Amino acid sequence: MSEPERTEEAIEAARKIFAGPVAFLKSAPALKFLPDMSVPEVAFAGRSNVGKSSLLNGLTNRNGLARTSNTPGRTQELNFFDVGDPLILRLVDMPGYGFAKAPKDVVKQWRFLINDFLRGRAVLKRTLVLIDARHGIKDVDRDVMKMLDEAAVSYRLVLTKADKIKPTELAAVMERTATEARTRPAAHPEIIATSSETGQGMAELRAAVIEAITA
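Residues numbered from 1 in each chain as written. Predicted model: local features only at pLDDT ≥ 70, side-chain atom pairs only at ≥ 80, totals over all residues. Heavy atoms only, no water.

With respect to the overall build of the protein
Stage number 1. In terms of regular secondary structure, the protein is built from six helices and seven strands.
Stage number 2. Scanning the protein from its N terminus toward the C terminus, one meets helices and strands in the order α-β-β-α-β-β-α-β-α-β-α-β-α.
Stage number 3. Relative to the compact-globule value of 17 Å for 215 residues, the protein shows a C-alpha radius of gyration of 16 Å, a close match.
Stage number 4. Structurally, the protein occupies a C-alpha span of about 45 × 40 × 35 Å along its principal axes. (Helix = DSSP H or I, 4+ residues; strand = E, 2+ residues; numbered from the N terminus. Rg over C-alpha atoms; globule rule 2.2 N^0.38 Å.)

Describing the nonpolar core
It is characteristic of soluble globular proteins that their nonpolar side chains tend to be buried jointly.
Stage number 1. Among the nonpolar cores identified, the biggest contains 39 residues, and Leu 78, Leu 118, Leu 157 and Leu 159 are the most heavily contacted of them.
Stage number 2. Among the secondary structure elements, those contributing two or more residues to this core are β2 (41–46), β3 (78–83), α3 (104–120), β5 (124–132), α4 (139–151), β6 (155–160) and α5 (167–181).
Stage number 3. Among all residues touching Leu 78, those that are not within four sequence positions of it are Lys 26, Ser 27, Ala 28, Leu 34, Val 92, Asp 93, Met 94, Pro 95, Leu 113, Ile 114 and Phe 117.
Stage number 4. Core analysis: the second largest hydrophobic core is formed by 27 residues, Ala 66, Leu 128, Met 202 and Ile 210 among them. (Core = buried A, V, L, I, M, F, W, Y, C linked by side-chain atoms within 4.5 Å. Buried < 20%, exposed > 50% of the residue type's maximum accessible area, 1.4 Å probe, protein only. Contact = heavy atoms within 4.5 Å.)

Examining the pairing of β2
Stage number 1. Most of β2 is tucked away: six of the six residues are buried.
Stage number 2. Taking every second residue as pointing to the same face, both faces of β2 are buried, with Glu 41, Ala 43 and Ala 45 on one and Val 42, Phe 44 and Gly 46 on the other.
Stage number 3. Where β2 and strand β4 (residues 89–93) come together, four bridges link them in parallel fashion. Note on β4: the bridge partner recorded for Val 42 is Leu 91.
Stage number 4. By the bridge criterion, six bridges tie β2 to β5 in an arrangement that is parallel. Paired with Ala 45 across the two strands is Val 129, which belongs to β5. (Pairing = 2+ DSSP bridges.)

Let's talk about the packing of helix α2 (residues 52–60) against helix α6 (residues 202–214)
Any two packed helices are characterised by the angle at which their axes cross and by the distance between the axes.
Stage number 1. With their axes 9 Å apart at the nearest point, α2 and α6 run at an angle of 85° to one another. The angle between the axes of α2 and α6 places the two elements in the roughly perpendicular class. Where α2 approaches α6, its residues Leu 55, Gly 58 and Leu 59 are matched on the opposing element by Met 202, Leu 205 and Arg 206.
Stage number 2. Partitioning the contact of α2 with α6 into residue classes produces four nonpolar, one polar and one charged. (Axes fitted to C-alpha atoms, helices over the stretch in contact; angles between N-to-C directions. Parallel < 35°, antiparallel > 145°, perpendicular 65-115°, else oblique. Nonpolar A, V, L, I, M, F, W, Y, C, P; charged D, E, K, R; others polar.)

So, the sheet that holds strand β1 (residues 22–28)
Stage number 1. What the seven strands build is an open sheet, ordered β1-β3-β4-β2-β5-β6-β7; its pairing is mixed. Of all the strands in the sheet, just β1 and β7 (192–193) have a single pairing partner and so form its edges.

With respect to unusual backbone geometry
Stage number 1. That bond from Asp 85 to Pro 86 is cis: its omega, 5°, falls within 30 degrees of zero.
Stage number 2. Considering the arrangement of structural elements, one finds Pro 86 in the loop between β3 and β4.
Stage number 3. You will see that Lys 161, though not glycine, has its phi angle at about 60°, which is positive.
Stage number 4. When its relative accessible area of 22% is taken as the criterion, Lys 161 is described as partly exposed.

Quick word on the side chain of Ser 195
Stage number 1. By secondary structure assignment, the location of Ser 195 is in the loop between β7 and α6.
Stage number 2. You can call Ser 195 buried: its relative accessible area is 0%.
Stage number 3. Of the polar contacts made by the side chain of Ser 195, one reaches the backbone nitrogen of Glu 197; its length is 3.3 Å.
Stage number 4. Contacts of Ser 195, omitting those with residues within four sequence positions, involve Lys 161, Ala 162, Asp 163, Gln 200 and Met 202. (Polar contact = N/O pair within 3.5 Å; in protein donor to acceptor, adjacent residues only side chain to side chain.)

Nothing here speaks to function; it is all geometry.
Structure representation (structure tokens):
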């Protein structure tokens, strides 16, 4: 199931917003460090090697906005980015999940931080759950989707690295992903396929982010 066509006006409006000021605000290793709930927020979640930092950089057309790391799971903080001047929204880069080498107490701390953030963040309009197009939804993704469903936080599944597989394979992965999304109470039914390398889906993703905060 593919993403429906968005109007040229919506895509252009979103492009202009993300072409404007985007700046790192702060990292929050614990809830007490969260910024004030003054503007809408859209969060990004995904496995540690899903390409989240690259997608954030591609979304904002900035090479170094989000740090990419060769060590999956290194960043265990919530990173906030301000979009627009005057401020329009914040992007929240959530710590990567599913890192096998992390100590169990670190994983437990991550779950507490994320769960408390999701449940208590009134300005959080949507979470984008990134899925590697080459692998589809894994059990660790389902754990996070279950967490989002239980917290009643609206989320949308976004495929990354869409350029790494054949178009026919991508279509099949999108269909399977959309089918599973329709069984989830808090999931948006439509899927966006993206590639940070080719730019595929980025215009639609920008429009979807703005749509989430204005709906």
